[in-house]
Amino acid sequence: MEYLPFTRPSIDETTIEDVVATLHSGWLATGPRVARFEAALSGYLGGRIIKSFTSATAALEIALEAAGISDEHEVITPAISFTATPNVILRRNATPVFIDVDLKTRNMDMEAAAHAVTPKTRALMPVHFAGLPVEMNTLYDLANKHNLRVIEDAAHAIGSRYKGKLIGSFGDLVSFSFHPNKNITTIEGGALSLVNTEEAEQIDILRFHGISRRDDGEMDVLLPGGKYNLSDVAATVGLGQLPHLDAFNIKRRQLAQHYLDRLEGLENILLPEKADSGHSWHMFAPLINFKAFKMTRRAFIAAMHEKGIGIGIHYPALHLFTLYRSLGYARGDFPNAERIGEETVTLPLFPGMTVNDVNRVISTLCKILDIKEPN
Ligand SMILES: Cc1ncc(COP(=O)(O)O)c(C=O)c1O
């Protein structure tokens, strides 16, 4: 039977032809197609300023730099995310302050975040986990109360909506990822959505060597900028993907709902938060109490792989990594993050899948865990 990975990008033939045309065009690095991609994304997000990058990691790092985050500052962020999220805080020499997450939404506990604010806190950096938006009203109330910047890590949340409004169509600095496992891809790539034109000009400079133009048109260098500009080849892929985004997300929602409907009520399996109309279902990751099944996660993943099904882990708890333990974090600090880190499994979910594929995952999972397959 065909191997079913946990994720796979959907690239149509037109996009492939357009990439070939870009390669023939003689202009491969940042040029007209990047400008078109940024404009298209801006159109999708209600006219916001969009700056593209080589990755979301680059976008987050530049967002923190533009927001003036430095070594005196603390940034509040969840204990469950990909390590890029807190890493970029450290790369600014600032201090990541981890917060536990909710077991079902996997999003940062806003009450705990409110308690963690100190005079050094300069920014909140939440993650819309798996595409489920954090409570945006609570988040921005907290930011406004303490005059904090918000850098939304929306790597999973392109096309997600909060109370009907697209993530990235409002808010402070919002970062998206277009890595191939995300809801749309540019191969590697990311983007920032923002509102402030002066900050946007600064970001232009920061993402390309610190280069600026003097009034006489000559080049000047204002600061040691990075080299984070997207290529026209990557932007061509993005231009081919964006028109499909909403349809991709509808398909993801249908498949996630099918998982939820069939897996609901199974003992020792904690499902992610119920389908919400604004959820873009970047992934479907239940928690499995492996101890109760007398099995290790590693053995489960190997057995699923043996049956031709790929399983991911998103993510181990951040504070237990060597780097973050060295800041003083320890086991016991964030019980929910630790449980998620040990029990989470990402089941296959991508728009090219069928309901039959979901059924195949469910029946294989039930056989391996030795439970009766639900109806
Ligand atoms: C939550 C989160 N933040 C940031 C990133 C970094 O994205 P990129 O690979 O585009 O740098 C990822 C990538 O997986 C992610 O999942």
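Quantities reported herein were computed from a predicted structural model and do not represent experimental measurements.

Peer 1: Would you explain the domain arrangement of the protein chain in this entry?
Peer 2: Interface extent is often summarised as the accessible area lost during association of the parts. Taken as a whole, the protein chain is organised into domain 1 (13-244) and domain 2 (245-369). One C-alpha centre belongs to domain 1, the other to domain 2; they are set 25 Å apart. In this complex, domain 1 contributes 40 residues to the contact, which on the side of domain 2 involves 39 residues. Between domain 1 and domain 2, the buried area comes to about 3,300 Å², and carbon and sulfur atoms account for 60% of it. For the side of domain 1 that touches domain 2, the secondary structure elements donating two or more residues are helix 4 (84-91) and strand 3 (95-99). Within the side of domain 1 that touches domain 2, the residues separate by chemical class into 22 nonpolar, twelve polar and six charged.

Peer 1: What exactly am I supposed to notice about the environment of Thr 236 here?
Peer 2: Locating Thr 236 in the fold gives a position in helix 8 (residues 232-241). Exposure remark for Thr 236: the relative accessible area of 5% places this residue in the buried category. In sequence terms Thr 236 and Ile 269 are 33 residues apart; their C-alpha atoms lie 41 Å from each other. In contact with Thr 236, other than residues within four places in its own chain, are Thr 15, Asp 18, Val 19, Thr 22 and Arg 33.

Peer 1: Looking at this model, I keep getting lost on the packing of helix 9 (residues 245-263) against helix 13 (residues 355-369). Mind explaining?
Peer 2: Packed helices, taken two at a time, are described by the angle between their axes plus the distance between the axes. Packing of helix 9 against helix 13 leaves a shortest axis separation of 10 Å and a crossing angle of 35°. For the pair helix 9 and helix 13, the sense of crossing is right-handed. Residue-level contacts link Leu 255, His 258, Tyr 259, Arg 262 and Leu 263 of helix 9 to Val 355, Val 358, Asn 359, Val 361 and Ile 362 of helix 13. By residue class, the composition of the contact of helix 9 with helix 13 is seven nonpolar, two polar and one charged.

Peer 1: Is there a simple way to think about the site of the ligand in this case?
Peer 2: In the vicinity of the ligand lie 15 residues, with Thr 57, Asp 153, His 156, Ser 177 and Lys 182 positioned nearest. Residue Asp 153 places a side-chain N or O atom 2.6 Å away from a nitrogen atom belonging to the ligand. Within the side chain of Lys 182, one N or O atom sits 2.7 Å away from an oxygen atom of the ligand. For the ligand, whose free accessible area comes to 390 Å², the fraction covered by protein is 93%. Elements that contribute at least two residues to the shell around the ligand include exactly helix 3 (56-66) and helix 4. Its residues placed into classes, the shell around the ligand shows six nonpolar, seven polar and two charged.

Cut-offs and rules
Residues numbered from 1 in each chain as written. Predicted model: local features only at pLDDT ≥ 70, side-chain atom pairs only at ≥ 80, totals over all residues. Heavy atoms only, no water. Domains from an automatic or database assignment. Contact = heavy atoms within 4.5 Å. Buried area = accessible area lost by both parts, 1.4 Å probe. Helix = DSSP H or I, 4+ residues; strand = E, 2+ residues; numbered from the N terminus. Nonpolar A, V, L, I, M, F, W, Y, C, P; charged D, E, K, R; others polar. Buried < 20%, exposed > 50% of the residue type's maximum accessible area, 1.4 Å probe, protein only. Axes fitted to C-alpha atoms, helices over the stretch in contact; angles between N-to-C directions. Left-handed = near helix turned anticlockwise from the far one by under 90°. Near = heavy atom within 4 Å. Polar contact = N/O pair within 3.5 Å; in protein donor to acceptor, adjacent residues only side chain to side chain. Areas by Shrake-Rupley, 256 points an atom, 1.4 Å probe, with all protein chains shown as cover.

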